[in-house]
Amino acid sequence: QVQLVESGGGLVQAGESLSLSCAASGSIISISAMGWYRQAPGKQREVVATITEGGSTDYADSVKGRFTISRDNAINTVYLQMETLKPEDTAIYYCHSRARGRGRTWYSDYWGQGTQVTVSS
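Draft legend 1. Highlighting the overall build of the protein chain. Each helix and strand in the protein chain was counted, giving zero helices and 11 strands. Counting helices and strands in the order they occur from the N terminus, the protein chain gives β-β-β-β-β-β-β-β-β-β-β. Relative to the globule expectation of 14 Å for 121 residues, the C-alpha radius of gyration of the protein chain, 14 Å, shows essentially globular dimensions. By its C-alpha atoms, the protein chain is 50 × 25 × 20 Å across when sized along the principal axes.

If you want it as structure tokens, here you go:
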């Protein structure tokens with residue numbers, strides 16, 4: 001009922017920047033939280049950054065000061081601006097949304113397909 005499509009991943013060198021975007025579409029009534037998670041090879045998925053509908057943000061300690069999450073509620077899109085990238089930021093990045101679809105009274109969790117970010121040293 002709700003689809004998330006990510007874009008913007010790629011290969012960069014350490015110290016460079018990259019931006020990700022994720023657009024939610026479908027029969028959406030409202031979206032509360034949105035966020036970005038990542039999963040490196042052999043590791044569990046971890047939260048990178050989250051943002052509420054009102055714009056309150058939270059970041060993993062490892063990315064504070066380097067990453068910025070933002071959203072445009074008018075087009076149901078969340079962004080992640082990544083600066084000063086490090087090799088340890090290499091992972092598949094997943095977009096997350098907690099949304100309420102048409103005809104439903106509850107919120108559900110939705111995930112994007114993931115986009116690869118690779119940072120070379």
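Picking up after the structure, the text goes on.
Draft legend 2. Structural view of the nonpolar core. In terms of nonpolar packing, the biggest core is built from 31 residues, with W36, L80, M82 and Y93 touching the most fellow members. If you list the elements that add at least two residues to this core, you get β1 (2-7), β3 (18-26), β4 (28-39), β5 (46-51), β7 (67-72), β8 (77-82), β9 (91-101) and β11 (115-120). Contacts of L80, omitting those with residues within four sequence positions, involve L18, S19, L20, W36, V48, A49, F67, T68, I69 and Y93.

Draft legend 3. The arrangement of the sheet that holds β8 in detail. Across the sheet, four strands lie side by side as β1-β3-β8-β7; this open sheet has antiparallel pairing. The open sheet has two edge strands with one neighbour each: β1 and β7. Averaged over all pairs of adjacent strands, the angle between their axes in this sheet comes to 15°, without regard to strand direction. Of the strand pairs in this sheet, β7 and β8 are connected by six bridges, and their pairing is antiparallel. Within the sheet, the bridge partner assigned to F67 lies in β8 and is M82.

Draft legend 4. Highlighting the state of the cysteines. Overall, the coordinates contain one disulfide when judged by the stated rule. The disulfide partner of C22 is C95, and the S-S distance across this bridge is 2.1 Å. On the sign convention where negative is left-handed, the bridge of C22 and C95, at about -80° about the S-S bond, is left-handed. Within this pair, whereas C22 is found in strand β3, its partner C95 is found in strand β9, the two being separated by 73 residues in sequence. By relative accessible area, C95 is classed as buried at 0%.

Draft legend 5. Highlighting the side chain of T77. Relative to the elements of secondary structure, T77 occurs in strand β8. From its side chain, T77 meets the backbone oxygen of I75 in a polar contact 2.9 Å long.

Draft legend 6. Highlighting the pattern of salt bridges. Here the structure, examined in full by the defined rule, presents five salt bridges. Residue K64 pairs with D61 through a salt bridge whose shortest N-O separation is 3.2 Å. When its relative accessible area of 48% is taken as the criterion, K64 is described as partly exposed. Under the relative-accessibility criterion, D61 is labelled exposed at 66%. Salt bridges here are not isolated pairs; linked through shared partners, they connect R38, E46, R66 and D89.

Each value, and the rule that gives it
- Residues numbered from 1 in each chain as written.
- Predicted model: local features only at pLDDT ≥ 70, side-chain atom pairs only at ≥ 80, totals over all residues.
- Heavy atoms only, no water.
- Helix = DSSP H or I, 4+ residues; strand = E, 2+ residues; numbered from the N terminus.
- Rg over C-alpha atoms; globule rule 2.2 N^0.38 Å.
- Core = buried A, V, L, I, M, F, W, Y, C linked by side-chain atoms within 4.5 Å.
- Buried < 20%, exposed > 50% of the residue type's maximum accessible area, 1.4 Å probe, protein only.
- Contact = heavy atoms within 4.5 Å.
- Pairing = 2+ DSSP bridges.
- Axes fitted to C-alpha atoms, helices over the stretch in contact; angles between N-to-C directions.
- Disulfide = S-S within 2.5 Å.
- Polar contact = N/O pair within 3.5 Å; in protein donor to acceptor, adjacent residues only side chain to side chain.
- Salt bridge = Lys/Arg side-chain N within 4 Å of Asp/Glu carboxyl O.

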